[in-house]
Amino acid sequence: MSWASVSHFSLSVTQKHFKQEDDSALRTLYAANAGDARIVLGHQGKAQRLTHDHKPDDPSEIGRIEKAGGFMFKQRVVGVLAVTRSLGDHCMKDFV
């Protein structure tokens, strides 16, 4: 099973490729998440995480927010949001 991940604005999108043992067809699954939502795939008896959590202590998320002109204060985006990406927080759309 292989996967690729793309991070854009408030969403992370993951593309996962896999084949069933008894099938030669390549299957593709797309998953997107924002904020504290997590997507897990159950495949062949194992749980596989498909998405990346958007936590305020993640160095790549901190860098993305600071590059957009925001800042972290007490592990919150601009001192307010506890997740580094969200949908619906329009007043912070430039940072999350």
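Quantities reported herein were computed from a predicted structural model and do not represent experimental measurements. (Residues numbered from 1 in each chain as written. Predicted model: local features only at pLDDT ≥ 70, side-chain atom pairs only at ≥ 80, totals over all residues. Heavy atoms only, no water.)

## Brief notes about the side chain of threonine 51
With respect to the secondary-structure elements, threonine 51 resides in the loop between strand E5 (46-49) and helix H1 (59-67). Only 2.9 Å separates the side chain of threonine 51 from the backbone nitrogen of isoleucine 39, close enough to count as a polar contact. Not counting chain neighbours up to four residues away, the residues in contact with threonine 51 comprise Thr14, Ala31, Asn33, Ala37, Arg38 and Ile39. (Helix = DSSP H or I, 4+ residues; strand = E, 2+ residues; numbered from the N terminus. Polar contact = N/O pair within 3.5 Å; in protein donor to acceptor, adjacent residues only side chain to side chain. Contact = heavy atoms within 4.5 Å.)

## Considerations on unusual backbone geometry
A positive phi angle is found at lysine 74, which is not glycine, with a value near 55 degrees. Inspection of the secondary structure assignment puts lysine 74 in the loop between strand E6 (72-73) and strand E7 (76-77). Looking at lysine 74, the relative accessible area reads 69%, which means it is exposed. You will see that glutamine 75, though not glycine, has its phi angle at about 55 degrees, which is positive. Structurally, the position occupied by glutamine 75 is in the loop between E6 and E7. (Buried < 20%, exposed > 50% of the residue type's maximum accessible area, 1.4 Å probe, protein only.)

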